[in-house]
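So you can see what is in the structure, the chains are spelled out below.
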Amino acid sequence: MRLVILEDYDLASEWAAKYIRNRIITFRPTAQRYFTLGLPTGSTPYACYKKLIEYHKSGDLSFKYVKTFNMDEYVGLPRAHPESYHSYMWNNFFKHVDIDPANAHILDGNAQDLEAECAVFEKDIADAGGIDLFVGGIGPDGHIAFNEPGSSLVSRTRVKTLAKDTIVANARFFGHDLSKVPTMALTVGVGTVMDSREVMIVITGAHKAFALYKAIEDGVNHMWTVSAFQQHPRTIFVCDEDATLELRVKTVKYFKVTHTAHLYSTLPHFPQKNIFLKAI
Amino acid sequence: MPSNGSVSDAPITQFINCRILKEHTLQREDLWVRDGRILDPEKLFFDEQGYADRQLDCGGAILAPGFIDVQLNGGYGVDFSTPSEDPGAGVAFVAKKILEHGVTSFCPTLVTSPPSVYHKVLPEVKVQSGGVHGAGVLGVHLEGPFISLEKKGAHPEQFLRTFGGSGGVNPLLEVYGGLDNVSMVTLAPELAGSQSVVEELSQRGVTVSLGHSVANLSQAEEAVQQGASFITHLFNAMLPFHHRDPGIVGLLTSNRIPAGRSVFYGMIADGIHTNPAALRIAHRAHPAGLVLVTDAIMAMGLPPGRHTLGQQVIEIQGLHAYVAGNTLTSSPVPNQLTFDSRILNVFWGLGTTTLSGSIATMDMCVRHFQQASGCSVPEALEAASLHPAQLLGISHQKGSLEYGCDADLVLMDDQMVLEATYISGVEVWRK
């Protein structure tokens, strides 16, 4: 794994956005060969999306030949509800960029047959040639997407009941009323994300520190489903200083040194330009 | 990049780089239009997987709902109350011109006239949608003849009427010849027999407005309970506010308005009909009810000279206007509060100072209202769009930029100087 530690939330978000940008640009997607991107929602990636929009508006990044697959969506929440993940993606990302609507895939939490909806989603990913880069976050209970503690580490896209921790964490989006938070969601499985060619997990804030510790310094455990990525060949954890508070000093020191050595991998490949854009 | 046509083949226009008036604020959002209506882009994206066919760059300007003028007596030499060969053509002529003022819908207004005039004019003025040909006609506003003698203002005394004993709208049908295409009637509620008239007009969907009246507050409140919902040019042609009987003005803060209903009031914010301090008092007392109207007369937009208003003749000389009679009064107009040389006040001659309509344009009124009241730009714009639409019960369709509403729009800069007008998403005027 790579562990990239930036000083604060904004710098971590910028680093992650630049990484995504550079991956897409170097891939040189075309109508015959799309770049497939897995996307998260929530407060963590918010600044990252803002940066991606900035790169798009400045002309550096186009999403014309990018296909996206979101991780999850609430069950039973009207799509037009301001807290649905469809609303989140529209307002915070899709409406600002040039992605083709047909290429923006989000699970439909109001489908008649939820299981069929999940199966179709898996098929769509397969038809798209798999995911090139899956970007995700981590819950305070160490979950990836809505793969709550106890989820199978080889699970696929399916319906999940949300854990109490998750409902409590999400209540702030529903007026702090626990009764208003949906109790079920459709989510990609741990296995689904593991199938991606590359995974980037963004973790910021002190409240995520323990989960990060459990994810990378403890064993692979279905109680902390992000730990599954210890067995993925290409995973990057991007975090801020606060998120490292529960890690050993030795771990942090090691990755800070290696990060400096890998600094230049985040630079955009603009052969015609002589400018190196620093990641930090 | 066209939509995939699953719902409609009509082209989609996206207004970008603009600030739209929505939810009572100016928001940095794009506005999407299809089939002359405002489109929900999120639904377009997820349901239809569609996107815009073309984008219009607004250059950072403000995009607001088109203005709605519910009291307009004429303009550019056309007087709606003067029967001509082709009243419909007169209305159409004015309708086209007022696009320049940002008015996308209006109520042609007829002042007190003899039945013959109503019988001739009304059938020719039909409700119709706006477009490149001009602003939409929402329906006629009949101001009079069932008004008070003492508060007739510039209305001709000989044609004033009372309701008679029979009750109901029969006297109105007799005088007007019918209520088709009528969206509003201004009457004086203290006239005997008014209750049943107000009630029946309201049931028929005609907005009842109180004006040119000496009603006290109780009479006014009773009329509101019967269905009246508007006050014609507040302060003008009614008893002044008195602390022991606020009269019609008291409706602004009355606690006897039926639940779920609101009283709206017209304000001629031209700097002349109402002292700015009075405008502020009304606005602060009941901001949600304020409806900007021009009450513009046929002289609006005209050069100096003699002109007819209803059954009267007036004369404009330079910046002054008089009634042209046997003696041309030349006394300087008292209380000259012109703030813009194009806004003139029309005065009765012979020493009286009765106002009779203005020649302000709607966009001038909006700017003056904002300046005089110190309200926000959204509030000023809503007084000329959302509030009149709410008054007429059409706010689901007009006066708002909510999804599904008609795309009647005005584009303006931060000083609310107009740059362009659109009806149903089509540009109908540009500066």
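Only a predicted model underlies this, so the values are computations on that prediction, with no experimental measurement involved.

Visitor: Is there a simple way to think about the overall build of chain A in this case?
Guide: Looking only at helices and strands, chain A features eight helices and ten strands. Relative to the compact-globule value of 19 Å for 280 residues, chain A shows a C-alpha radius of gyration of 18 Å, a close match. Reported as C-alpha extents along the three principal axes, the dimensions of chain A are approximately 55 × 45 × 35 Å. Relative to its full complement of 280 residues, chain A shows a buried share of 56%.

Visitor: For this particular structure, what's the right way to read the UniProt feature "binding site: substrate" (unreviewed entry) in chain B?
Guide: Residues and elements named next belong to chain B. The UniProt record marks Ala154, Asn236, Ala237, Arg244, His273, Leu355, Ser356 and Gly357 with the feature "binding site: substrate" (unreviewed entry), using the residue numbering of this structure. Relative to the elements of secondary structure, Arg244 occurs in the loop between strand E16 (230-231) and strand E17 (264-267). Judged by its relative accessible area of 69%, Arg244 falls in the exposed class. Among the structural elements, His273 can be located in the loop between E17 and helix H7 (276-285). Classification of His273 by relative accessible area gives buried; the value is 8%.

Visitor: How should a negative patch on the surface be read in this particular structure?
Guide: Taken together, Glu7(A), Asp8(A), Asp10(A) and Asp242(A) make up a surface patch of like negative charges. Positionally, Asp10(A) belongs in helix H1 (residues 9-27).

Visitor: Just to check I follow, could you spell out the packing of aromatic side chains for this structure?
Guide: In this description, an aromatic ring pair is defined by two values, namely the gap between the centres and the angle between the planes. By the definition in use, this model includes 24 aromatic pairs over all chains. Ring geometry for Phe69(A) against Phe121(A): centres 5.7 Å apart, planes inclined by 80°, an arrangement best described as edge-to-face. Of this pair, Phe69(A) sits in strand E3 (residues 66-70) while Phe121(A) sits in helix H4 (residues 114-127), placing them 52 residues apart in sequence. Take Phe69(A): its relative accessible area is 0%, and that puts it in the buried class. What makes Phe121(A) buried here is its relative accessible area of 3%. Each ring, one from Tyr118(B) and one from Tyr176(B), has its centre 5.0 Å from the other, and the planes form 85°; the classification is edge-to-face.

Visitor: Where do I start with the environment of Leu279(B) in this structure?
Guide: Residues and elements named next belong to chain B. For Leu279, the position within the fold is in helix H7. Measuring from C-alpha to C-alpha, the distance between Leu279 and Ala372 comes to 7.8 Å, with 93 residues separating the pair along the chain. With residues up to four places along the chain from it excluded, the contact list for Leu279 reads Met267, Ala269, Thr274, Leu290, Phe369 and Ala372.

Visitor: Please explain the domain arrangement of chain B as it appears in this structure.
Guide: When the parts of a complex come together, some accessible area is lost, and that lost area is often taken as the interface size. Residues and elements named next belong to chain B. According to the domain assignment, chain B consists of domain 1 (12-64 + 401-430), domain 2 (65-297 + 359-392) and domain 3 (305-339). Computed from C-alpha coordinates alone, the two centres of domain 1 and domain 2 are separated by 29 Å. Taken together, the contact pairs 21 residues of domain 1 with 24 residues of domain 2. Across the domain 1 to domain 2 interface the summed buried area is about 1,700 Å²; carbon plus sulfur atoms make up 75%. Among the residues of domain 1 in contact with domain 2, Leu21, Met416 and Ile423 are the three that bury the most area, contributing 34% of the side total. Taken together, the connections running from domain 1 to domain 2 amount to zero salt bridges.

Visitor: Sorry if this is basic, but what is going on with the interface of chain A and chain B here?
Guide: Taken together, the contact pairs twelve residues of chain A with eleven residues of chain B. For the chain A and chain B pair, buried surface summed over both sides reaches about 1,100 Å², with 64% attributable to carbon and sulfur atoms. Per-residue buried area on chain A facing chain B is highest for Arg79(A), Trp90(A) and Pro101(A); these three make up 57% of the total on that side. On the surface where chain A and chain B come into contact, there are two salt bridges. Its salt-bridge partner being Glu29(B), residue Lys95(A) comes within 2.9 Å of it at the nearest N-O pair. The tally of links between chain A and chain B comes to three residue pairs in polar contact (both at pLDDT 80 or more). Top contributing element to the side of chain A that touches chain B by residue count: helix H3 (residues 85-92) of chain A, with three residues. In terms of residue class, the side of chain A that touches chain B is made up of seven nonpolar, two polar and three charged.

Visitor: What's the story with the confidence of the model for chain A in this structure? I'm lost.
Guide: Looking at chain A as a whole, its pLDDT mean stands at 92, while 93% of the residues score no less than 70. Low pLDDT (under 50) marks residues 270-280 of chain A, which in the prediction has 13 contacts with non-local residues, meaning those over four places away or in another chain.

Visitor: Looking at this structure, how should I read the packing of helix H5 (residues 194-203) of chain B against helix H6 (residues 217-226) of chain B?
Guide: How two helices sit against one another is set out by the angle between their axes and by the gap between those axes. Residue and element names in this part refer to chain B. At their nearest, the axes of H5 and H6 sit 8 Å apart, and the two run at 35° to each other. Regarding H5 and H6, the two cross each other, and that crossing is right-handed. The residues of H6 that touch H5, namely those facing Gln195, Val198, Glu199 and Ser202, are Glu222, Ala223 and Gln226. Residue classes in the contact of H5 with H6 are distributed as two nonpolar, three polar and two charged.

Conventions used here
- Residues numbered from 1 in each chain as written.
- Chains lettered and ligands numbered in written order.
- Predicted model: local features only at pLDDT ≥ 70, side-chain atom pairs only at ≥ 80, totals over all residues.
- Heavy atoms only, no water.
- Helix = DSSP H or I, 4+ residues; strand = E, 2+ residues; numbered from the N terminus.
- Rg over C-alpha atoms; globule rule 2.2 N^0.38 Å.
- Buried < 20%, exposed > 50% of the residue type's maximum accessible area, 1.4 Å probe, protein only.
- UniProt positions renumbered as here; feature names shortened; annotations may be inferred.
- Patch = residues over 30% accessible without salt bridge, like charges linked within 9 Å, V, L, I, M, F, W, Y side chains within 5 Å.
- Areas by Shrake-Rupley, 256 points an atom, 1.4 Å probe, with all protein chains shown as cover.
- Salt bridge = Lys/Arg side-chain N within 4 Å of Asp/Glu carboxyl O.
- Lys, Arg positive; Asp, Glu negative; His and termini not counted.
- Charge placed at Lys NZ, Arg CZ, Asp CG, Glu CD.
- Phe/Tyr/Trp six-rings, centres within 6.5 Å; stacked < 30°, edge-to-face > 60°.
- Contact = heavy atoms within 4.5 Å.
- Domains from an automatic or database assignment.
- Buried area = accessible area lost by both parts, 1.4 Å probe.
- Polar contact = N/O pair within 3.5 Å; in protein donor to acceptor, adjacent residues only side chain to side chain.
- Nonpolar A, V, L, I, M, F, W, Y, C, P; charged D, E, K, R; others polar.
- pLDDT = per-residue confidence, 0-100.
- Axes fitted to C-alpha atoms, helices over the stretch in contact; angles between N-to-C directions.
- Left-handed = near helix turned anticlockwise from the far one by under 90°.

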